[in-house]
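One letter stands for each residue in the lines below.
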Amino acid sequence: MTNTCSIKLFFATGNIHKLNEVKPIAERYGICLEQMIESRAKVEIQSSDLIEIARYAVLENYKLFKKPVLVEDAGLFIEALNGFPGPYSSYVYKTIGVNGILKLMEGVDNRRAYFMSVAAIVYEPFFIIETARVEGVITKEPRGSGGFGFDPIFVPRSSKKTFAEMSIDEKNMYSHRAKAVSKAFSKLVHLLKTYNTL
Ligand code: IMP
């Protein structure tokens, strides 16, 4: 790992929270992230597979902008709801939201859930795709005001706080996203070193 910025990547996301989470991690790998507001990649494929969604989005963005690009796609999978909302997390968040999920979970004892993240990078000639998850539980009530999405109702294993009660650094110690992008950045740096382009 290095502290200087020797690699530039465009992060295709409209989500400023994601950018704020991923930027400090990228810097540890000598990677400078610049936000690229998605345009074509906004048209997501209808797929029940987060990996397919991320693969499609990163390739579409690369075709369109011809710049080294990072895409990160995530979802919340709740055991008692057979993995719902999973790949439909964004739509479910926008429609029924945190309170809708809590309502679906009323009277449900099994609160186990996980977040899964897929990080995909195109950095010619390399294509990298990495996944990670964080196990935890769904709370009975929302707690905390930080973060975004389902953060107020998710407590990662071995913590007592919801993601929304944590600082970005704390969330990054546990999160699906931090793990997936770290794996992807590590692989990118390794490939660039191996092929003498760094
Ligand atoms: P996206 O497609 O990666 O933007 O994620 C889909 C949805 O999952 C988002 O709209 C959020 O509601 C939820 N989500 C993804 N990652 C997180 C997270 O780190 N915390 C809370 N909710 C998340």
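One can find the structure itself at the top, above this paragraph.
What counts as what
- Residues numbered from 1 in each chain as written.
- Predicted model: local features only at pLDDT ≥ 70, side-chain atom pairs only at ≥ 80, totals over all residues.
- Heavy atoms only, no water.
- Core = buried A, V, L, I, M, F, W, Y, C linked by side-chain atoms within 4.5 Å.
- Buried < 20%, exposed > 50% of the residue type's maximum accessible area, 1.4 Å probe, protein only.
- Helix = DSSP H or I, 4+ residues; strand = E, 2+ residues; numbered from the N terminus.
- Contact = heavy atoms within 4.5 Å.
- Salt bridge = Lys/Arg side-chain N within 4 Å of Asp/Glu carboxyl O.
- Axes fitted to C-alpha atoms, helices over the stretch in contact; angles between N-to-C directions.
- Parallel < 35°, antiparallel > 145°, perpendicular 65-115°, else oblique.
- Left-handed = near helix turned anticlockwise from the far one by under 90°.
- Nonpolar A, V, L, I, M, F, W, Y, C, P; charged D, E, K, R; others polar.
- Near = heavy atom within 4 Å.
- Polar contact = N/O pair within 3.5 Å; in protein donor to acceptor, adjacent residues only side chain to side chain.
- Areas by Shrake-Rupley, 256 points an atom, 1.4 Å probe, with all protein chains shown as cover.

1. Side note on the nonpolar core
With 26 residues, the main nonpolar core has Leu9, Ile31, Leu33, Leu70, Ile121, Phe185 and Leu188 as its most contacted residues. Looking at this core, the elements that each hand over two or more residues are β1 (2-12), α1 (16-28), β2 (29-36), β5 (112-123), β6 (126-138) and α6 (176-194). The biggest single contributor to this core is α6, with nine residues. The contacts of phenylalanine 185, once residues within four sequence positions are left out, are Leu9, Val22, Ile25, Ala26, Tyr29, Ile31, Leu70 and Ile121. One finds Ile78, Phe150, Phe154 and Met166 within the second-largest nonpolar core, a separate group that totals 18 residues.

2. What about the pattern of salt bridges?
Taken as a whole and judged by the stated rule, the model has 14 salt bridges. Among the ionic pairs, lysine 171 bridges to glutamate 21, the shortest N-O distance being 2.8 Å. Of this pair, lysine 171 sits in helix α5 (residues 168-174) while glutamate 21 sits in helix α1, and the two are 150 residues apart along the sequence. This pair shows no difference in class: lysine 171 is buried, exactly as glutamate 21 is.

3. Examining the packing of α1 against α6
In a pair of packed helices, the angle between the axes and the distance between the axes together describe the arrangement. Close contact between α1 and α6 brings their axes to 10 Å; oriented N to C, the two are set at 40°. By the angle between their axes, α1 is oblique relative to α6. Read as a crossing pair, α1 and α6 show a hand that is right-handed. Of α6, the residues touching α1 (which contributes Lys18, Glu21, Val22, Ile25 and Ala26) are Arg177, Ala178, Val181, Ser182 and Phe185. Class assignment of the residues belonging to the contact of α1 with α6 gives a composition of six nonpolar, one polar and three charged.

4. A few points about the site of the ligand
Contacts to the ligand come from 15 residues, most closely from Lys18, Ala74, Asp151, Lys171 and Arg177. Arginine 177 has a polar side-chain atom sitting 2.8 Å from a nitrogen atom of the ligand. Considered on its own, the ligand offers 470 Å² of accessible surface; in the complex 90% of this is hidden by protein. If you list the elements that add at least two residues to the shell around the ligand, you get β3 (69-78), α3 (89-95) and α6.

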